[in-house]
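# Secondary and tertiary structure notes
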Amino acid sequence: MADFCKQCSIEVFGEDFGDLRGLGSPNVIYSTICEGCGPTIVRFDGSCTGKCVLKREAHSVPIKD
Ligand SMILES: [Zn+2]
Ligand SMILES: [Zn+2]
């Protein structure tokens, strides 16, 4: 089973499937592995706080919350 963070899910599938959503607790970040961007830290909603944020800033890709 492949798990993707929010950004990778949108990038790969065109929508957020929430594979990594709901891990840990609200307002607590969770260290995990994404099939798209590798070892990373995600927020409760599954959004990546690592490379994907840098990538988004670099390319100005809008991410819906
Ligand atoms: Zn990812
Ligand atoms: Zn990521």
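The sections below set out a description of the structure shown in this document. (Residues numbered from 1 in each chain as written. Chains lettered and ligands numbered in written order. Predicted model: local features only at pLDDT ≥ 70, side-chain atom pairs only at ≥ 80, totals over all residues. Heavy atoms only, no water.)

Now for the coordination of the zinc ion (ligand 1). Only C5 (SG), C8 (SG), C34 (SG) and C37 (SG) from the protein reach the zinc ion (ligand 1) as donors, at distances of 2.3 to 2.4 Å. Sequence positions of the donors to the zinc ion (ligand 1) reduce to the motif C-x2-C-x25-C-x2-C. Between the zinc ion (ligand 1) and the zinc ion (ligand 2), a spacing of 3.1 Å is present, and a bridge between the two is formed by C37. With a gap of 26 residues between them, C8 in helix α1 (residues 6-13) and C34 in strand β1 (residues 30-34) connect regions that are remote in the sequence. Across this residue pair, the class does not change: C8 and C34 are buried. (Donors = N, O, S within 2.8 Å, 3.2 Å for Na, K, Ca; no water. Helix = DSSP H or I, 4+ residues; strand = E, 2+ residues; numbered from the N terminus. Buried < 20%, exposed > 50% of the residue type's maximum accessible area, 1.4 Å probe, protein only.)

Turning next to the pattern of salt bridges. Tallied over the entire structure, the rule returns two salt bridges. Across the pair D45 and K6 runs a salt bridge, and its minimum N-O distance is 3.6 Å. Taken together, the residues span a long stretch of sequence, with D45 in the loop between β2 (38-42) and α2 (51-59) and K6 in helix α1 at a distance of 39 residues. Residue D45 is classed as partly exposed on the basis of its relative accessible area of 28%. (Salt bridge = Lys/Arg side-chain N within 4 Å of Asp/Glu carboxyl O.)

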